[in-house]
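Report on the structure
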Amino acid sequence: MKLTAKDFRASGLPVEYVEKLMELLKHEDNENFIQGVALASSLGIAPNDILDGLGFSMEMVTIPAGTFEYQEQAEVKVPAFLLGRFQVTEDQWSALMPFWKGADLMKNSGLPVAAVSWLDVKRFIDRLNTILVGDSGWVYDLPHEVEWEYAAKAGQNFEYSGSNDPNEVAWYSENSKNRRHPVGKKKPNAFGLFDMSGNVSEWCCNIYYSKVEKTVKNFKRRKALRDAIPPIIRRVVRGGSYRSLPWQMSITSRKRGVPMNRVSFNGFRLIARKIEAA
């Protein structure tokens, strides 16, 4: 069952139910949104159909478990996970955040969403997990930077994700004309991931540590620490952007950002982990 008025009416649901459901699911207030999800569930609407009705879909890639050298200094074992093939786009953002300023202009752009803070992204992810909780067996999040670097390397030893030539894989300062570009137009890496270097920089879930050993320890304890970190602590940003110089897009290059700040070239990519491993 889809969440369009036409499909709802064809199914025999009263018009007032249709209108109320759509109003709740598109509401900015989180409590109203949760009520909308509960109402949809009570009407027998599957979580994926809620997402279809909101116009949200996403292609995820299976990243196999493995071991790699994080920052070329520490060997880390990484469990399998799913990662977005593309950076989250304006279309996807506006589907779950229709109240966002300028949301109507985002539809069908194909551009990676940008100027969203870490806290904005957390809100987006919370809405997605509210719809899917207990149904898919997966929980969505931002990747930890260890997971991000593992996926960016994809078992290879390039300077950038998928190549030693930034022009093959990235939109950056020398070819972007100082603007974002639609996702997926450059060469992917060996895992089939696009724009891991350049286009927009990508928020990660973890706080920024200068020492490798602290970051690795944080990765191993990420489940316990996720909700214990004050929101003012700076988070990691990876990948470089359309404004970056080549060295800033190196797979091992790291930056930090204030979680409340909306920076014009910061976006994100989603990870999904098995619930028991999240």
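A brief structural summary.

Attention now moves to the pairing of strand β4 (residues 81-84). Along β4, one buried face is formed by Phe81 and Leu83 and the opposite face, lined by Leu82 and Gly84, is buried too. When strand β1 (residues 60-63) meets β4, the two strands line up antiparallel, connected through 4 bridges. Within the sheet, the bridge partner assigned to Thr62 lies in β4 and is Leu82. Pairing of β4 with strand β10 (residues 271-274) involves 2 bridges; the strand directions are antiparallel. Among the inter-strand pairings, Leu83 is bridged to a residue of β10, identified as Ile271.

Spanning 15 residues, helix α7 (residues 118-132) covers 21 Å between terminal C-alpha atoms, matching the ideal 21 Å at 1.5 Å per step. Within α7, burial applies to Trp118, Asp120, Val121, Phe124, Ile125, Arg127, Leu128, Asn129, Ile131 and Leu132.

This brings us to the sheet that holds strand β5 (residues 138-141). Here 4 strands make up an open sheet; going across it, the order is β1-β4-β10-β5 and the pairing antiparallel. What marks the edges here is a single partner per strand, and that holds for β1 and β5. Averaged over neighbouring strand pairs, the angle between their axes works out to 30° when direction is ignored. Across the sheet, helix α8 (residues 145-153) touches β1, β4 and β10, and the angle it forms with β4 is around 75°.

Counting residues in hydrophobic clusters, the biggest one holds 37 residues, and the most contacted among them are Trp93, Leu96, Phe124 and Phe268. Of all the elements in the fold, those that place two or more residues in this core are α2 (15-25), α3 (30-42), α4 (47-54), α5 (90-96), α6 (103-106), α7 and β6 (201-207). Ranked by residue count, the leading element in this core is α7, at 7 residues. If sequence neighbours within four positions are ignored, Leu96 has contacts with Leu51, Leu54, Phe56, Phe124, Arg127, Leu128 and Ile131. Within the second largest apolar cluster, 25 residues are counted, among which are Leu83, Trp148, Ala152 and Phe219.

Conventions and cut-offs
- Residues numbered from 1 in each chain as written.
- Predicted model: local features only at pLDDT ≥ 70, side-chain atom pairs only at ≥ 80, totals over all residues.
- Heavy atoms only, no water.
- Buried < 20%, exposed > 50% of the residue type's maximum accessible area, 1.4 Å probe, protein only.
- Helix = DSSP H or I, 4+ residues; strand = E, 2+ residues; numbered from the N terminus.
- Pairing = 2+ DSSP bridges.
- Expected span 1.5 Å × (residues − 1).
- Axes fitted to C-alpha atoms, helices over the stretch in contact; angles between N-to-C directions.
- Contact = heavy atoms within 4.5 Å.
- Core = buried A, V, L, I, M, F, W, Y, C linked by side-chain atoms within 4.5 Å.

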